[in-house]
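Understanding the architecture of this molecule
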Amino acid sequence: MMTSFTALPRSFCEPSADIVATRLLGHFLIRNTPQGPCGGAIVETEAYLIGDAAAHSFRGKTKRNQVMWGEPGYGYVYFIYGNHWCFNVVCQRAGIAEAVLIRAIEPTFGFDLLAANRSVKQPHQLTNGPGKLCEAMNIDRSFDGADICDIASPVFLARNPDLKSFLRQTGPVLTTTRIGITQAADLPLRFCLANSHYLSRRVTAAKNILPPRRAKR
């Protein structure tokens, strides 16, 4: 099992969130812990764009969302439903305020560490949702603003050297409308690897919605 990582460069996060959301699939979200790294391959994402009524940035800059308005390649973490943390990748140049929600990962590294944080009956339930993966990886508000392009950071994005093979095994990439929101719910900005067992909600190729439709700027 690979234990050394190469962080994705900041330039990876500079495009718009809908582009970054698809490119992230198959790469790793890694959490550094005193016991070693844990995390895994990203298999489901959602994009939130400037001018998007569902984005936290829609009504302007606040104390809660200020990280979204900064430079790309930083983590944006927020609390929802009074119970769950969600981890996002900030995209675009400073002042644009777009982000990608990481919705699900395959637990590739440090499975025992993840399982110690989140007790489940079935392995696929460990990280098959945005709140679930944050609980398993012990990600909370303290990681808001973390530099995710630095392998020394407590949480970071790492390149998957076997990306093509992983995508062949878990693909194809499907595009659907987003989940669990009411505003701009019709936008096809959720992206997932169809054959992964760790998706928050299964989808078939027959239901694939293409191409993504951009929110108005």
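In the block above lies the structure referred to throughout.
Examining the overall build of the protein chain
For the protein chain, the helix and strand inventory stands at 4 helices and 8 strands. Going from the N terminus to the C terminus, the protein chain shows its helices and strands as α-β-β-β-β-β-α-α-β-α-β-β. Whereas a compact globule of 217 residues would reach a radius of gyration of roughly 17 Å, the protein chain reaches 16 Å, a difference of no more than 12%. In the protein chain, buried positions account for 53% of the 217 residues. Relative to all contacts within the protein chain whose residues are 6 or more apart in sequence, the contacts with residues 24 or more apart total 63%. As presented, the protein chain carries roughly 10000 Å² of accessible surface, and 52% of it is formed by carbon and sulfur atoms.

A few points about the state of the cysteines
Under the criterion given, the structure shown has 0 disulfides. Unpaired in this structure, Cys 91 has its nearest cysteine sulfur neighbour in Cys 13, at a distance of 5.8 Å. In this structure Cys 192 is a free cysteine whose sulfur lies 17 Å from that of Cys 86, the closest cysteine sulfur available. Among the residues examined, Cys 192 registers a relative accessible area of 0% and is labelled buried.

A look at the side chain of Asn 88
With respect to the secondary-structure elements, Asn 88 resides in strand E4 (residues 84-91). Apart from the residues lying within four places of it in its own chain, the contact partners of Asn 88 are Tyr 74, Gly 75, Tyr 76, Tyr 78, Ala 99, Val 100 and Leu 101.

So, the pairing of strand E5 (residues 98-109)
Summarising burial for E5: 11 of the 12 residues are buried, a large majority. For strand E2 (residues 38-48) and E5, the ladder comprises 9 bridges, and the chain directions are antiparallel. Each bridged residue has a counterpart across the sheet, and for Thr 45 the counterpart in E5 is Ile 102. Inspection of the sheet shows E4 paired to E5 by 4 bridges, in the antiparallel sense. Within E5, the residue paired with Cys 91 across the bridge is Glu 98. What sits between E4 and E5 in their antiparallel hairpin is a turn of 6 residues, with Gln 92 showing a positive phi close to 65°.

Description of the packing of aromatic side chains
Scanning the model with the defined rule gives 6 aromatic pairs in all. Taking 5.9 Å as the distance between ring centres and 70° as the angle between the ring planes, the aromatic pair formed by Phe 5 and Phe 156 counts as edge-to-face. One end of the pair, Phe 5, is in the segment before helix H1 (17-23); the other, Phe 156, is in strand E6 (residues 155-158), with 151 residues separating them in the sequence. By the burial criterion, Phe 5 is buried, and Phe 156 matches it. Ring centres of Tyr 76 and Tyr 78 lie 5.4 Å apart, and the angle between their planes is 45°; this geometry places the pair in the tilted category. Of the two residues examined, Tyr 76 and Tyr 78, each falls in the buried class. One aromatic cluster in this structure is built from Phe 5, Phe 28, Phe 109 and Phe 156.

Notes on the side chain of Thr 45
You can see Thr 45 is positioned in strand E2. Overall, the relative accessible area of 0% leaves Thr 45 in the buried class. Of note is the side chain of Thr 45, whose polar atom sits 2.9 Å from the backbone oxygen of Ala 21. Once you skip the residues sitting within four places of it in the chain, Thr 45 turns out to touch Ala 21, Leu 24, Leu 25, Val 100, Leu 101, Ile 102, Arg 103, Leu 189, Arg 190 and Phe 191.

Cut-offs and rules
- Sequence order as written defines the numbering, with residues in each chain counted from 1.
- Side-chain atom pairs in this predicted model are given and counted only at pLDDT of 80 or more, local residue features only at pLDDT of at least 70, and totals for whole chains, interfaces and linings cover all residues.
- Side-chain figures throughout are based on the complete set of non-hydrogen atoms in the structure, without hydrogens or water.
- Each helix is a run of H or I in the DSSP string that is no shorter than four residues. Each strand is a run of E no shorter than two, and both are numbered from the N terminus.
- Only the C-alpha atoms count toward the radius of gyration. The rule for a globule is 2.2 Å times the residue count to the power 0.38.
- For every residue, the accessible area (1.4 Å probe, protein chains only) is compared with the maximum for its type, and the residue is labelled buried under 20%, exposed over 50%, or partly exposed between those bounds.
- Throughout, a residue-residue contact means that at least one pair of heavy atoms, one from each residue, lies within 4.5 Å.
- Each accessible area is a Shrake-Rupley result for a 1.4 Å probe, and residues are judged covered by the shown protein chains and nothing else.
- In this description, the term disulfide denotes a pair of cysteine sulfurs within 2.5 Å.
- In this description, strands pair whenever DSSP reports at least two bridges between them.
- Each aromatic pair joins two rings of Phe, Tyr and Trp (for Trp, the six-membered one) with centres within 6.5 Å, and gets the label stacked for planes under 30 degrees apart, edge-to-face for over 60, and tilted for any other angle.
- Pairs of N or O atoms within 3.5 Å make up the polar contacts considered here, provided that, within protein, one atom can donate a hydrogen while the other can accept it, and that residues adjacent in sequence are counted only when both atoms are side-chain atoms.

Fair warning: the whole summary comes from geometry, so function is off the table for now.
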